[in-house]
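Structural overview
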Amino acid sequence: LGLEEIEEKIPTIPEQEAVVARVKKERDEFLATTEERETSMRELLESSKQELSEAEQQLPGTLRSTYDRLTKSMGIHSLSPAVEGACQACSIEITPQNQSDLLKENAVICKSCGRILYLPSADAITENS
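So, here is what we can say about the structure in this document. Since the model is a prediction, treat every value here as computed from it, not as a measurement. The residue numbers shown here count from 1 along each chain, following its written sequence. Whole-chain, interface and lining totals are the exception, using all residues; otherwise, since this is a predicted model, local features are given only for residues with pLDDT of at least 70 and side-chain atom pairs are given and counted only at 80 or more. Heavy atoms throughout the structure, all of them, feed into the side-chain values; hydrogens and water do not.

Here we look at the layout of surface pockets
The condition that has to hold: Cavity means a closed set of points on a 1 Å grid over the protein atoms alone, one where a 1.4 Å probe fits but cannot get out, pocket means an open set with protein on both sides within 12 Å along at least 5 of 7 lines, and lining means a residue has an atom within 4 Å of a point. Grid points are joined across faces, edges and corners, and a volume is the space filled by probe spheres set on the points. Think of it this way: any DSSP run of H or I at least four residues long counts as a helix, any run of E at least two long counts as a strand, and we number them from the N terminus. Gly counts as polar in this scheme, as do all residues outside two lists: the nonpolar Ala, Val, Leu, Ile, Met, Phe, Trp, Tyr, Cys and Pro, and the charged Asp, Glu, Lys and Arg.
Empty space within the largest pocket amounts to approximately 450 Å³. In terms of lining residues, the largest pocket is bounded by 18 residues, among which Leu59, Leu63, Ile116, Leu117 and Tyr118 are the most central. Listed by contribution, the elements that provide at least two residues to the lining of the largest pocket are α2 (13-57), α3 (61-74) and β4 (116-118). A per-class count over the lining of the largest pocket returns 14 nonpolar, two polar and two charged.

Notes on unusual backbone geometry
Here is the rule: Throughout, exposure labels follow a simple rule: accessible area from a 1.4 Å probe, protein chains only, divided by the maximum for the residue type, with under 20% read as buried, over 50% as exposed, and the rest as partly exposed.
In this structure, Glu84 takes a positive phi of about 50° despite not being glycine. Following the sequence through the fold, Glu84 ends up in the loop between β1 (79-83) and β2 (86-87). Residue classification places Glu84 among the exposed residues on the basis of a relative accessible area of 81%. Phi at Ser91 takes a positive value of approximately 65°, unusual for a residue other than glycine.

Digging into a nonpolar patch on the surface
Rules: A patch consists of residues exposed above 30% relative accessible area that lack any salt bridge, with like charges linked at up to 9 Å and nonpolar side chains (Val, Leu, Ile, Met, Phe, Trp, Tyr) linked at up to 5 Å. The Shrake-Rupley method, run with a 1.4 Å probe sphere, supplies the accessible areas, and residue values consider only the shown protein chains as cover. The rule for a salt bridge is simple: a side-chain nitrogen of Lys or Arg has to be within 4 Å of a carboxyl oxygen of Asp or Glu.
Together, Leu3, Ile6, Ile10 and Ile13 make up an exposed nonpolar region whose accessible area comes to about 370 Å². Structurally, Leu3 is set in helix α1 (residues 3-9). Note on Leu3: relative accessible area 62%, which makes it exposed.

Looking at the environment of Ser47
You can see Ser47 is positioned in helix α2. Judged by its relative accessible area of 33%, Ser47 falls in the partly exposed class. Spatially, the C-alpha atoms of Ser47 and Glu5 are 61 Å apart, while their sequence positions differ by 42 residues.

Digging into the pattern of salt bridges
Here the structure, examined in full by the defined rule, presents six salt bridges. The closest approach of N and O atoms between Arg42 and Glu38, which form a salt bridge, is 2.7 Å. Taken as a pair, Arg42 and Glu38 lie in helix α2 at a separation of four residues, close to a single helical turn. Taking relative accessible area as the criterion, Arg42 reaches 54% and is therefore assigned exposed. A relative accessible area of 39% places Glu38 in the partly exposed class. Lys49 is the partner of Glu46 in a salt bridge, and the nearest nitrogen-oxygen pair spans 4.0 Å. Within this pair, Glu46 and its partner Lys49 are both found in helix α2, separated by three residues, close to a single helical turn.

Don't take any of this as a statement about function, it's just geometry.
The structure is reproduced here in structure tokens:
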């Protein structure tokens, strides 16, 4: 840069410094918010893990072994809601007996895809419609 160009840019230094200060402030606010969200998410994760553990303890012994096997091989995809008489994972209709068993809160395994079926709450059905 020539001396003339430098002299032209000197008056813009305070403006540029103000921009840098504003960006640093925004960055610091973003980092603080992100740390708060991360802490909140970690607490929610731990709470969810505890709830899952408590729910798993309530499974009957015969279903527990099937549940353990399926969750080990399929992970979160080992369960499927049964909506309007069909498994939502594979879209195969379930039998009237299976529907009756679900209403009685008995364990039902989809004959097509092998997932454990459950009836979603009424709230979940209306949210997805």
